[in-house]
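Single-letter residue listing:
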Amino acid sequence: MAALLPAEWIKNWEKGGKSEFVQLCRALSENKNHDVGFRDIQQALYELAYHVVRGNLKHDQASNVLGDVIEFREDMPSILADVFCILDIETSCLEEKNKRDHFTQLVLACLYLVSDTVLKERLDPETLESLGLIKQSQQFNQKSVKIKTKLFYKQQKFNLLREENEGYAKLIAELGQDLSGNITSDLILENIKSLIGCFNLDPNRVLDIILEVYECRPEYDDFFVPLIESYMYMCEPQTLCHILGFKFKFYQDPSGETPSSLYRVAAVLLQHNLIDLEDLYVHLLPGDNAIIEEHKREIVEAKQIVRKLTMVVLSSEKTEEKEKEKEKEEEKTEKPPDNQKLGLLEALLKIGDWHHAQSIMDQMPPFYSTSHKPIAIALCQLVHVTIEPLYRRVGVPKGAKGSPISSLPNKRAPKQAESFEELRKEVFNMLCYLGPHLSHDPILFAKVVRLGKAFMKEFQSDGSKQEDKEKMETLFSCLLSITDQVLLPSLSLMDCNACMSEELWGMFKTFPYQYRYRLYGQWKNETYNSHPLLVKVKAQTIDRAKYIMKRLTKENVKPSGRQIGKLSHSNPTILFDYILSQIQKYDNLITPVVDSLKYLTSLNYDVLAYCIIEALANPEKERMKHDDTTISSWLQSLASFCGAVFRKYPIELAGLLQYVANQLKAGKSFDLLILKEVVQKMAGIEITEEMTMEQLEAMTGGEQLKAEGGYFGQIRNTKKSSQRLKDALLDHDLALPLCLLMAQQRNGVVFQEGGEKHLKLVGKLYDQCHDTLVQFGGFLASNLSTEDYIKRVPSIDVLCNEFHTPHDAAFFLSRPMYAHHISSKYDELKKAEKGNKQQHKVHKYITSCELVMAPVHEAVISLHLPKVWDDISPQFYATFWSLTMYDLAVPHSSYDREVNKLKVQMKAIDDNQEMPPNKKKKEKERCTALQDKLLEEEKKQLEHVQRVLQRLKLEKDNWLLAKSTKNETITKFLQLCIFPRCIFSAIDAVYCAHFVELVHQQKTPNFSTLLCYDRVFSDIIYTVASCTENEASRYGRFLCCMLETVTRWHSDRVIYEKECGNYPGFLTILRATGFDGGNKADQLDYENFRHVVHKWHYKLTKASVHCLETGEYTHIRNILIVLTKILPWYPKVLNLGQALERRVHKICQEEKEKRPDLYALAMGYSGQLKSRKPFMIPENEFHHKDPPARNAVPATVQNGPGGAGMPTSLTINTVRLEEGATEETADKLKEKSQGVVKVINKTVNATPKVTTSNGNSASNSKIIKEKDDKEKSGKEKDKEKKDKTPAATPEMKALGKDGKDKPKEERANKEEKAREIKEKTPKSDKEKEKVKKEEKASKEEKSKTVVTIIESKSTAEKEREKEPSRERDLAKEMKSKENAKGGEKVPVAGSLKSPVPRSETSESEREQKRRKVDTHSSPSHSSTVKGTAVLPKVPLVSENYSSSRVISVHFLQDNLNELKESSAKHYINHTTPTLSKSKEREVEKKDLDKSRERSREREKKDEKDRKDRKRDHSNSDREVPQDSTKRRKEENGTTGSSKHSKSESPSDSPRLNEKEKEKNKSKSSGKEKGDSIKAEKMEKSSSGSKKESRHDKEKTEKKEKRDSTGGKEEKKHHKSSDKHR
């Protein structure tokens, strides 16, 4: 260390050294750094003294300068004494004596500066002696030892209580006096001190007594705390803590109980920091390890209880279990040792020392301390106090007084919260420590919730600064944590408290549903595992829920509902989770559960919504059944429950809807089932393919009619629920997204979702997606206001191009918007001008349409390629897609039906005697109001439809541009308009059919109705095969409506002429565009139209048979669905019906085991088809056909390519050249066909009938012929014996050889013609009879070939019996209806509504006549049936079809060649000059002879054949089907060529048929019955089994010989015809 005193200073001490030293000392003493200054001064003084010791400086000089320096610092003498002490030690060790002398001289000189007491302390006794400060060093040493011993080693003796009771008595008197006066703690402390001194009291004992007195006088905190604080200055700091520790220890024996007063004193002392918690904590029991062990034990016990509750205990085990439990409870009743830590904690909380309380809690497991009720209550009380001012300011509900809580007296308690920020700092922390045990104080629970509500109100109001917002965000997240950790768990532990639940909902409803659901999720899945108590509660809740659910039925819904309500107030998540699990297993629980949920609180409903979503989203559950073709039943049950519960109760839907939207975004469409159910139940909008036609009709009316008649379930009270659904969709902007997602997902189902899935399931999902879209769109259309709708749905081009919505869906969504828009514009225009004329109104309507639709016309152009618009205009496209059935027709019958229902209802109300009058009045008022609404709606719709039709009339000329060809135009129309829309919904299917008819009725230029219908009916295989199940149903509806129109036109010439006669749609020459003024000759006439209709029926049969034979699931299912839908109008022709029936029967047999759903469909259709059979008619009644021209058209033409692609200007003109020549022929043919019908009818015991060219029956001729029949019956027998079937066999040959033997065929034709001519000329009775016999025989043969395979004789007989009278009656009925309704057409066909009454007298006459005829004709007919039954099944349809192609003008291109050739051949066959009678007879005789010879030859051959066949029976069985399949292939190859087959007469009235059937049954003889039974047996046996059929035939032939002589010839013919076949 550098010397502070330089040598120069010592040398020049007097001159300048002294003053320099003084300055140095002054400078050092003024140094602010205390330590540095002290050391430096020490060094300076030491150096100065050392210079003196060494003799460099005189001691008097040093003492003088030290005298000057000593004043600079207070501790300067002490520093100097230290320096002397060091020098004393140093000099005593030196040998130089002079240095020691110098030292002693210096000390002596400085004695006036340092007190001798200080020197005595620090210097050596020898030095002190030499200095003269003490006498003897030895004595001094001895004395100091004694003092030290006395001080440190001798114990002082105090007087204890029992030894010095007077002193202590005085002490207690001092402490126990009245302290209310001016007595202060300081005054008392002085007295205590004097008492201690006077009576020599033990100070520790005194402190103990002070604490004891304080315990007894806790109210004097202000006195005792300062007293103890002051007293502690006299004691060591640890003393107080030790005394308290000893006190606690005293109570720690097992029986001891620590008094609360001691806890309180300790708590107050802790709060005032007179003791440290760490010091005291170690004195308290139990130890922390013991506490942790106890906590773990509690958790284990709780889990055991849970296990017991969930375990199935058998009765024998139950008693043992109970005994064990009792023992355990007895053990538990032993009181646990006192927990002093918790006692202290409680005391701390009571006095408000949160800081220390918190640190004690932190040392224990979470919620362990608060699980003790006193602590929980103490903490709750502290929270009450802390939140008081804030609660009074913002939390108290209006009108509530409340009981104010006074603040804690001590100032060290937590500060009361004035703002939400302060609330967060202290209170939230306290609540977190409280956790689920807030349940002990429901009032505090309510207060906290109300504060939360007030905060949310403030949080949601805008306008605060950014900083405030951040603070608020923090507060909000804290509030959510508190809700999660404290409020919800506490609710679980509360006993059923509905008010708390509602109070909590008051706060919850201000949270967005995402936060709420997150909270419920935590509550359900995590909270219950966090605490032993909650674990127990969960188990008990499940146990109770099981008990209730086991007993829940429809009958006890109310009591069970109350129990569920009680249970749900506290633990909704657990309860609902269990209930939902039960619903998923047993769907019959849905109704009782939904009804029993009426006692829930709003919070519980919200929790239920969450639980439903969680159950739906359960990743562990499979959404498909094991067969992977159907949606799981649990999902269906949940969806159904969803719909019911959301409709009945005010539950928020946003979460569920968002869930469905999210699932769709993820490409999962299963959950659309939920949306479908919700919309159906809440809005009452049903989507079902099983709608009846009446319902469908009602759906085309206004909203009121839809609600009354359009749905299966009567829709009532959906106003509120649909409003809720609408609000949820709009508030969360889900309406359009859901629509778009569904529209996109339809294709997603097929191309993305459907990769691995079964085709059936993919179809189901597609249908579900589509149906839900239609249903949802319907809901939006009927519930959203115009503004809402227009605001949300973008324009059509945006929908299609930007959102990639399929066009059909895009128009479906936009359609209501256009309708709303047009009506609002129309209303504006009406208000603007008051003109009331109808024309003005129409004009305004058209203007408003143009305004709204013009942008749409522009927009649609972008949807398709430019060349599309060459054929159809954008206007037409937009018009088609924007209109609905509501715009096209008024369902008057539906309106009438519903009004009549209401009238009946009102009558029933009047007749009801039990109903109270006021209720009667109400009900009647309701019915009347509804009736008025319906009538008003009908009127409104009627006006609207008229306006729309006017608009279409004006538009129609610009619709179809047909710049390429009409054919191409129809293609585009079908491709872009009809096909996409007809499978969109059932109403759209009807709309499409109606629209086609409308376009036809409007005489739209360039629209060929015939082409359009032809394209629709011709090749339905592809369209059917590509449909889903529901689409097939809708496509079936479309075809049904199309067929209905066609059948109406087919049924009556008058209707046809009126509705189609002069219409451009029925032009048969497709001339260049722009020229449509065709003359009458270019129109398709009625008869040819009937041929065309027959062709369509055939095409439908062919397609159906093809689909049924593919074996493909989709083909079979779809065609069966379509066939079921078109059953009212198809099949009408008997042979087509039979062909179908066979295929369907085959499907039934094949699919019974393999695919039960197809089997069910086929069985259903088969049954319905059989019931329709009586209404089917033979082909020749369906359209006029000419049997002789069987194979007039060569096979090459038949198999020619379909001419759909030939843009020819085609058709009948080719035939027209020969028309002049063939007119005669045509007439004769007509007559001939009449003759055929006559004979068939006779043979089949029916009233004879002549079908005139216009299809009406000639009743006069019928009556005449009946008389003839009577006369004839006797003569015929004789003639038949002689003649042996005159004129029958040649024809049989022709028919039997199937056209190979053409000359013979021609001869037969000539004969027929000659016969017809004879018929015209008057004849004698004999001749007439003869001719009739001939006709009878020949036509029976023809009937065999025409009627391919008839299942049973009786049905066919009945058919024929009914036809004539049926047609005549219907013709009359048609006329009468037309007259009555002023020309309004009523399609009678197939309608079951109005049976035509018939006069009983005429009926009875006919019956008598029939009876007479019966005896002869029925057997022969039965043989016919048997003869034909052997034929192979399929080919006959096609043969039959291709053969009879007489003047049937199929204007389609593929038949052009056929027409030419057939007409030419007729000309050749039928232009022979009229023969004289005698010549005719000769020819007939020759022919008869030849035919007899041939028949004999055939009989011989037949016998040989029979023998062969017996051998080859099994082979033939195999061969025939092969043959039939070959022919089937041929038939499939000639799709475009083959034409005629049987169909039901459109003018059948089913009721008539039923009546006649009954009558005929009663009349028919036993023989007939026997025959019919045989015929049925024949049908059942395989068609290939010729052996059996021949055998049967022989039997029947023998029988017939007995029954009637007239049958002999016919049998021969059968044999011969069989051979040829």
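Residues numbered from 1 in each chain as written. Predicted model: local features only at pLDDT ≥ 70, side-chain atom pairs only at ≥ 80, totals over all residues. Heavy atoms only, no water.

### Focus: the pattern of salt bridges
- Applying the stated rule across the entire model yields 48 salt bridges.
- Across the pair D957 and K956 runs a salt bridge whose closest N-O atoms are separated by 3.4 Å.
- Here R1048 ties to E997 by a salt bridge, and the two come within 2.9 Å at their closest N and O atoms. Pair noted here: R1048 is in helix α53 (residues 1029-1051) and E997 is in helix α50 (residues 986-1001), with a separation of 51 residues, a long-range link. The same class applies to R1048 as to E997, namely buried.
- Members of the salt-bridge network, linked through shared partners, are R205, D208, E212, E215 and K247. (Salt bridge = Lys/Arg side-chain N within 4 Å of Asp/Glu carboxyl O. Helix = DSSP H or I, 4+ residues; strand = E, 2+ residues; numbered from the N terminus. Buried < 20%, exposed > 50% of the residue type's maximum accessible area, 1.4 Å probe, protein only.)

### Topic: the environment of R1037
- Relative to the elements of secondary structure, R1037 occurs in helix α53.
- The spacing of R1037 and L1123 is 86 residues in sequence and 9.7 Å in space, taken between C-alpha atoms.

### A word on the nonpolar core
- Residues L344, F641, L738 and F1038 are the most contacted members of the largest nonpolar core, which totals 321 residues.
- Not counting residues up to four positions away in its chain, the partners in contact with F641 are L580, I583, I590, V593, V594, L597, L608 and I612.
- Core analysis: the next-biggest nonpolar cluster, separate from the first, contains 41 residues, L24, I41, A49 and I79 among them. (Core = buried A, V, L, I, M, F, W, Y, C linked by side-chain atoms within 4.5 Å. Contact = heavy atoms within 4.5 Å.)

### Overview of helix α9 (residues 137-152)
- Taking 1.5 Å per residue as the helical rise, α9 with its 16 residues ought to reach 22 Å, and the 23 Å between its terminal C-alpha atoms agrees with that figure.
- α9 sits mainly on the outside: one of its 16 residues count as buried. (Expected span 1.5 Å × (residues − 1).)

### Topic: the packing of aromatic side chains
- Taken as a whole and assessed by the stated rule, the structure comprises 50 aromatic pairs.
- Aromatic pair Y1056 and Y1086: ring centres 5.6 Å apart, planes at 50°, arrangement tilted. With a gap of 30 residues between them, Y1056 in helix α54 (residues 1053-1061) and Y1086 in helix α55 (residues 1086-1110) connect regions that are remote in the sequence.
- For Y1056, a relative accessible area of 1% gives the class buried.
- Its relative accessible area of 0% is what places Y1086 among the buried residues.
- With 4.8 Å between their ring centres and 25° between their planes, Y1056 and F1089 make a pair best called stacked. Linking Y1056 in helix α54 with F1089 in helix α55, this pair joins segments that are 33 residues apart in sequence. (Phe/Tyr/Trp six-rings, centres within 6.5 Å; stacked < 30°, edge-to-face > 60°.)

### Topic: unusual backbone geometry
- For the bond from L285 to P286, the omega torsion is -10°, close enough to zero to count as cis.
- Of note, P286 is situated in the loop between α16 (277-281) and α17 (288-310).
- Cis rather than trans, the peptide bond between Y1130 and P1131 has omega equal to 0°.
- Following the sequence through the fold, P1131 ends up in the loop between α56 (1113-1125) and α57 (1134-1154).
- Even without glycine at this site, N273 takes up a positive phi of about 60°.
- Inspection of the secondary structure assignment puts N273 in the loop between α15 (260-271) and α16.
- Non-glycine residue F367 carries a positive phi angle of around 60°.
- Tracing the chain through its elements places F367 in the loop between α20 (354-362) and α21 (373-395).

### Notes on helix α47 (residues 892-911)
- Taking 1.5 Å of rise per residue, the 20 residues of α47 would be expected to cover 28 Å, and the 28 Å separating its terminal C-alpha atoms lies within 8% of that figure.
- Along α47, the residues that are buried comprise S894, Y895, E898, V899, L902, M906 and I909. Projected onto a plane normal to the axis of α47, the buried residues spread over an arc of 130° and lie on a single side. Set apart from the buried face of α47 by more than 90 degrees, the exposed residues are V904 and K907.
- Check the buried side of α47 and you find it contacts α35 (693-699), α36 (703-709) and α48 (917-955). (Arc of directions from axis to C-beta.)

### Focus on the packing of helix α3 (residues 34-54) against helix α6 (residues 97-109)
- It is at 7 Å that the axes of α3 and α6 come closest, and there the two elements cross at 130°. Comparing the axis directions of α3 and α6 gives the class oblique. Crossing hand, α3 versus α6: right-handed. Residue-level contacts link A49, V52, V53 and R54 of α3 to K99, H102, F103 and L106 of α6. (Axes fitted to C-alpha atoms, helices over the stretch in contact; angles between N-to-C directions. Parallel < 35°, antiparallel > 145°, perpendicular 65-115°, else oblique. Left-handed = near helix turned anticlockwise from the far one by under 90°.)

### Observations regarding the environment of V899
- The residue V899 is located in helix α47 in this model.
- In sequence terms V899 and L705 are 194 residues apart; their C-alpha atoms lie 9.8 Å from each other.
- Beyond its immediate sequence surroundings of up to four residues, V899 is in contact with Q931, L934 and L935.

### Here we look at the confidence of the model for the chain
- Residues of the chain with pLDDT of at least 70 account for 69%, and the chain-wide mean is 75.
- Looking at the elements of the chain, mean pLDDT is at its lowest for helix α60 (residues 1195-1198), recorded as 34, and at its highest for α15, recorded as 95.
- Contacts for the low-pLDDT stretch residues 1370-1477, under 50 throughout, to residues beyond four places or in other chains number 275 contacts.
- Across residues 1595-1602, confidence stays below pLDDT 50; counting only partners more than four residues off in sequence or on other chains, it has 12 contacts. (pLDDT = per-residue confidence, 0-100.)

### Observations regarding a negative patch on the surface
- A cluster of acidic residues, E467, D468, E470 and E473, forms a negative patch at the surface.
- The class of D468 is partly exposed, set by a relative accessible area of 34%. (Patch = residues over 30% accessible without salt bridge, like charges linked within 9 Å, V, L, I, M, F, W, Y side chains within 5 Å. Areas by Shrake-Rupley, 256 points an atom, 1.4 Å probe, with all protein chains shown as cover. Lys, Arg positive; Asp, Glu negative; His and termini not counted. Charge placed at Lys NZ, Arg CZ, Asp CG, Glu CD.)

### Focus on a positive patch on the surface
- On the surface, a cluster of positive charge is contributed by R544, K550, R551 and K566.
- Residue contributions to the positive patch peak at three residues, all from helix α27 (residues 532-551).
- Mapped onto the elements of the fold, K550 is located in helix α27.
- For K550, a relative accessible area of 66% corresponds to the exposed category.

### Section: the environment of P1178
- Residue position: P1178 is located in the loop between α58 (1156-1172) and α59 (1179-1182).
- Assessed through its relative accessible area of 4%, P1178 is described here as buried.
- Separated by 45 residues in sequence, P1178 and V1133 place their C-alpha atoms 5.7 Å apart.

### With respect to the packing of helix α45 (residues 874-882) against α50
- At a closest axis distance of 11 Å, the pairing of α45 and α50 adopts a crossing angle of 140°. Looking at the two axes, α45 sits oblique to α50. Here α45 runs over α50; the crossing is right-handed. Where α45 approaches α50, its residues F876, T879 and F880 are matched on the opposing element by Y991, C992, F995 and V999.
- Split by residue class, the contact of α45 with α50 holds six nonpolar, one polar and no charged. (Nonpolar A, V, L, I, M, F, W, Y, C, P; charged D, E, K, R; others polar.)

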